[in-house]
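What follows is each chain in one-letter form.
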There are 2 protein chains.
Amino acid sequence: MNGFPKHPVFQKIAILGPGLLGGSLALAIRASLPHARVHLWGRREEPLKLAEELDAAHLASTDLELVVREADLIVLATPVGIMPGLIEKILPIIKPSVLITDVGSVKGIVHQTIGQLLTKAGIDFIGSHPMAGSEKQGMTQARADLFKQATCLLTNDEHVHEDTIMALQRFWEAVGCNCIRMRSDAHDSTVARISHVPHVLAALCVHSALTDGDVERLGLISAGGFRDTTRISMGEPSMWAEILIDNAPAITKRLEEALAQLQQVQTLLNNGDKEELQQWLTRVREQRGQALGL
Amino acid sequence: MNGFPKHPVFQKIAILGPGLLGGSLALAIRASLPHARVHLWGRREEPLKLAEELDAAHLASTDLELVVREADLIVLATPVGIMPGLIEKILPIIKPSVLITDVGSVKGIVHQTIGQLLTKAGIDFIGSHPMAGSEKQGMTQARADLFKQATCLLTNDEHVHEDTIMALQRFWEAVGCNCIRMRSDAHDSTVARISHVPHVLAALCVHSALTDGDVERLGLISAGGFRDTTRISMGEPSMWAEILIDNAPAITKRLEEALAQLQQVQTLLNNGDKEELQQWLTRVREQRGQALGL
């Protein structure tokens, strides 16, 4: 375990993956932590060139060793599936005192794979989930203010020292996040509820609205409600398929609830039971109002 | 049937129901058709007083006879359920040349009830559905620009004369709408797809996210995605229960499709079938992009 003196601040930060989150994080660090040195790694040259043009990093390179060597903090901003391979590559060259985190949307699987791998190697790992994505993607969409007012969920299943998680928390706060700590299983069931199931239902809404219909005409007639309800379904399909599969147990549990309720709504509609339907809509409105402080 | 000379413009317009739509329409007419005289009827004094304060109408009264007498155009902006009773009351006092329309969200039932009633009495009726509502309601939320850029669906199942429907179309265009004509059955299946089923799924999303959960904490952690996906679920429950029941046949047909697809998604998640899931999300994204011209 690392104590506070080892991470008073992170001087050298390596970000792996120049996508929306990784690129925005680089820009945010440059804006909010001007004394930190930022290194950015990616497989393709194109987003790295753009990162250089935007002065998002002191070094933007496809050379993994060059990027991670000497880093105090390494942020994995790649798809979860390729993280274990990256960790195996960098383990021989990273500083023993480095803290590694990630920005993945599912945390159980990350702790089960790279969390255990790193702990065995004596390297600190804490999971991070800055809830700041959107349906946009890539370095071209990166913004220095992406994390402003975002909630960042921290999962410390490996019980890394309090001083270290405080240092990570201050890091996320410096780029604009509010941090909440929880175990990875609580994290995964929480985000299934408020992010992953909504994604499925937004996609389902598009499917149900447009399948076997005159798509252009329906789009022309649709209003702001349809647009808002389905916005998040534009998220990158390969990224979202991975998230949904990685968090399948928590998601299917919530979808069981959704399926049962949808069947119940069908019954109310078939029976013309306006009163029950109104009661359900009232409960839903109250719940949402309570949740969002409306 | 009425010919064009009977409705060159509407000089005296009576709006029944001072809610969000009725109140906004009064304000919009005052702003865009300054030579028209606007009368507004409601059951309660309060919204009528507000309408007077906002100069939304030349006459705002609970006296139905006073409001509709001499009107060239009567706009029913009440819940669909109370329209037949209102029509029976006003039939003896309205001008034979008047055109009656409504602003309800379901059109089949309106034509089956008051459409037939008015046609028998020799009075012209055309259905209107300005798609300009929101989760807000009441005269307090009324805005003169509510109809700007909104699509207004016109249903002329009773085959009112072309000149009359053109006059109505120009009226809606004057307050900012783009009009599209269709039969009421096509209307009802279209809005089931792009408005009513999205409403059910937005409510289902709240239900699934918050039921048996720590509502305040979930709300705190939720991000813009949850907020947008569920916004329309805040619509007035009694109004929406009525809409859903009135359009139940078209809605349940689409919900069958949604239920089958949701069960299919469950199967993909249980089987870990990432490829099929990604293909579905890709199709959905393409469909939505095509519909909205993205």
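Residues numbered from 1 in each chain as written. Chains lettered and ligands numbered in written order. Predicted model: local features only at pLDDT ≥ 70, side-chain atom pairs only at ≥ 80, totals over all residues. Heavy atoms only, no water.

**With respect to the relation of the copies chain A and chain B**
The relation between the two copies of this chain is a rotation about an axis and a shift parallel to it.
So, point 1. For the pair chain A and chain B, the relating rotation is 180 degrees, the translation along its axis is 0.0 Å, and the fit reaches an RMSD of 0.0 Å. Such a combination of turn and shift is consistent with a two-fold rotation axis. Distance from the rotation axis, computed per C-alpha, reaches its smallest value in chain A at Thr-229 of chain A: 2.0 Å. (Least-squares fit on C-alpha atoms with pLDDT ≥ 70 in both.)

**Some points on the pattern of salt bridges**
Side chains that differ in sign of charge can pair as their charged atoms come close.
So, point 1. All chains considered together, the criterion is met by 18 salt bridges over all chains.
So, point 2. A salt bridge links Asp-228 of chain B to Arg-231 of chain A; the shortest N-O distance between them is 2.8 Å. In this pair, Asp-228 of chain B sits in helix 9 (residues 224-230) while Arg-231 of chain A sits in the loop between helix 9 (224-230) and helix 10 (237-246), so the two residues belong to two different chains.
So, point 3. A residue is classified by how much of its surface remains accessible, and Asp-228 of chain B, at 22% relative accessible area, is partly exposed. (Salt bridge = Lys/Arg side-chain N within 4 Å of Asp/Glu carboxyl O. Helix = DSSP H or I, 4+ residues; strand = E, 2+ residues; numbered from the N terminus. Buried < 20%, exposed > 50% of the residue type's maximum accessible area, 1.4 Å probe, protein only.)

**Notes on unusual backbone geometry**
Most of the time, phi is negative for any residue but glycine, and the peptide bond is trans.
So, point 1. The phi dihedral of Asp-212 of chain A is positive, around 60 degrees, even though this residue is not glycine.
So, point 2. Structurally, Asp-212 of chain A can be placed in the loop between helix 7 (184-210) and helix 8 (215-221).
So, point 3. If you check the backbone angles, Asp-55 of chain B has positive phi at about 55 degrees while not being a glycine.
So, point 4. Here Asp-55 of chain B shows up in the loop between helix 2 (45-53) and strand 3 (59-61).

**Some thoughts on the nonpolar core**
So, point 1. One finds Leu-269 of chain A together with Leu-269 of chain B to be the most contacted residues of the largest nonpolar core, which totals 84 residues.
So, point 2. Setting aside residues up to four positions removed in sequence, Leu-269 of chain B forms contacts with Leu-244, Ile-245, Ala-248, Ile-251, Thr-252 and Leu-255 of chain A together with Leu-277 of chain B.
So, point 3. If you look at the next biggest cluster of nonpolar residues, it comprises 41 residues, including Ala-28, Leu-73, Ala-167 and Cys-179 of chain B. (Core = buried A, V, L, I, M, F, W, Y, C linked by side-chain atoms within 4.5 Å. Contact = heavy atoms within 4.5 Å.)

**Details of the sheet that holds strand 5 (residues 99-102) of chain A**
Residue and element names in this part refer to chain A.
So, point 1. Within the open sheet, the 8 strands sit side by side as 3-2-1-4-5-6-7-8. Their pairing is mixed. The open sheet has two edge strands, strand 3 (59-61) and strand 8 (178-181), and neither has a second partner. This sheet shows a mean twist of 20 degrees between the axes of neighbouring strands, independent of strand direction.
So, point 2. Taken together, the 4 bridges between strand 1 (residues 12-16) and strand 4 (residues 73-76) define a ladder with parallel strand orientation. Across the sheet, residue Leu-16 finds its bridge partner in strand 4, namely Leu-76.
So, point 3. Lying over the sheet, helix 1 (residues 20-32) contacts strand 1, strand 2 (37-41) and strand 4, oriented at roughly 160 degrees with respect to strand 1. (Pairing = 2+ DSSP bridges. Axes fitted to C-alpha atoms, helices over the stretch in contact; angles between N-to-C directions.)

Read these as geometric descriptors, not functional statements.
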